[in-house]
Amino acid sequence: MFKVGAATEAWAKKSGIPCAYSESTTSTNLIAKNEKISDSAIISLYVTENQTQGRGRNDHSWNAPAGETLLSSWVFEMNANPQPVLSAAIGLAVYNAFKTTWPWLEWSLKAPNDLFIKDKKVAGLLIENIQEGSKNRLVIGLGVNVFA
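This section reports on the structure supplied with the text. This one's a predicted model, so the numbers in the text were calculated from it and none came from an experiment.

Basis of the calculations
Residues numbered from 1 in each chain as written. Predicted model: local features only at pLDDT ≥ 70, side-chain atom pairs only at ≥ 80, totals over all residues. Heavy atoms only, no water. Core = buried A, V, L, I, M, F, W, Y, C linked by side-chain atoms within 4.5 Å. Buried < 20%, exposed > 50% of the residue type's maximum accessible area, 1.4 Å probe, protein only. Helix = DSSP H or I, 4+ residues; strand = E, 2+ residues; numbered from the N terminus. Contact = heavy atoms within 4.5 Å. Lys, Arg positive; Asp, Glu negative; His and termini not counted. Salt bridge = Lys/Arg side-chain N within 4 Å of Asp/Glu carboxyl O. Polar contact = N/O pair within 3.5 Å; in protein donor to acceptor, adjacent residues only side chain to side chain. Expected span 1.5 Å × (residues − 1). Arc of directions from axis to C-beta.

Describing the nonpolar core
Okay, so step 1: The biggest cluster of nonpolar side chains holds 21 residues, and the ones touching the most others in it are Leu45, Phe98 and Leu115.
Okay, so step 2: Those elements giving two or more residues to this core turn out to be α1 (4-14), β2 (43-51), β3 (69-78), α3 (86-101), β6 (120-132) and β7 (135-145).
Okay, so step 3: Residue contacts for phenylalanine 98: discarding those within four places in its chain leaves Trp107, Leu115, Ala123 and Val144.
Okay, so step 4: Core analysis: the next-biggest nonpolar cluster, separate from the first, contains five residues, Tyr46, Val75, Ile130 and Val139 among them.

Details of the side chain of glutamate 49
Okay, so step 1: With respect to the element layout, glutamate 49 can be found in strand β2.
Okay, so step 2: Buried within the structure, glutamate 49 lacks any salt-bridge partner; lysine 3 is the closest side chain of opposite charge, at an N-O distance of 5.9 Å.
Okay, so step 3: Engagement of the side chain of glutamate 49 in a polar contact is seen with the backbone nitrogen of valine 4, the distance being 3.4 Å.
Okay, so step 4: Among the polar contacts listed, one links the side chain of glutamate 49 to the backbone nitrogen of alanine 6, at a separation of 2.8 Å.

Examining unusual backbone geometry
Okay, so step 1: Across the junction of alanine 111 and proline 112, the peptide omega takes the value 0 degrees, indicating a cis bond.
Okay, so step 2: As for its position among the elements, proline 112 is in the loop between β4 (107-110) and β5 (114-117).
Okay, so step 3: A positive phi is found at lysine 118, a non-glycine position, where the angle reads about 55 degrees.
Okay, so step 4: Its location among the elements puts lysine 118 in the loop between β5 and β6.
Okay, so step 5: On the basis of relative accessible area, lysine 118 is assigned to the exposed category, the value being 57%.

A short note on α3
Okay, so step 1: Over its 16 residues, α3 runs 22 Å from end to end, which matches the ideal 22 Å to within 8%, given 1.5 Å per residue.
Okay, so step 2: Three or more residues of α3 are buried, namely Ile90, Gly91, Val94, Tyr95 and Phe98. One side of α3 carries all its buried residues, which in axial view fall inside an arc of 135 degrees.
Okay, so step 3: Its buried side turned inward, α3 meets β4, β5, β6 and β7.

Observations concerning α1
Okay, so step 1: Within α1 the residues assigned to the buried category are Val4, Gly5, Thr8, Glu9 and Ala12. Along the axis of α1, the buried positions cluster into a sector of 135 degrees, meaning they face one direction only. Of the exposed residues in α1, those oriented more than 90 degrees away from the buried face are Lys13 and Lys14.
Okay, so step 2: Where α1 is buried, its residues touch β1 (19-25), β2 and β3.
Okay, so step 3: Once α1 finishes, glycine 16 follows within two positions and takes phi at roughly 80 degrees, a positive value.

Observations concerning the pattern of salt bridges
Okay, so step 1: Evaluation of the coordinates by the stated rule reveals six salt bridges.
Okay, so step 2: Among the ionic pairs, arginine 137 bridges to glutamate 77, the shortest N-O distance being 3.7 Å. Here arginine 137 is found in strand β7, whereas its partner glutamate 77 is found in strand β3, with 60 residues between them in sequence.
Okay, so step 3: Salt-bridge contacts for lysine 118 lead to glutamate 106; the nearest nitrogen and oxygen are separated by 4.0 Å. One end of the pair, lysine 118, is in the loop between β5 and β6; the other, glutamate 106, is in the loop between α3 and β4, and twelve residues separate them in sequence. Across the pair, glutamate 106 and lysine 118 agree in class, each one exposed.

Structural data, given as structure tokens:
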């Protein structure tokens, strides 16, 4: 059976992006947030096939069938606090990337973090900032319903 998370891990390693993969975890954002900020990796990726405590903005949960969804958290080390418009800019960037990659689909963005094909939600973002002393970590959780 094809595993989205395992394929993403293979791509990341081939691309030189540090990646932590597990078949199941609580939440990729939660794991990423709990890691200590390092001095070596500017970007890292956390990927899984299944989240037992996946969540969205506020108190929303993110539930998706195991093996059908890309569940990932991208972590970027930053030298300053992110600007308030960053969340909307990331949502727009993901929307533009999807629209460019699959131009025949009817994409729409429910700003700042939900992507739709027609009226079906197919992706969501959860963006969080962690501060440790003078260092900042931007955690971008991206869930994409690949096969659902």
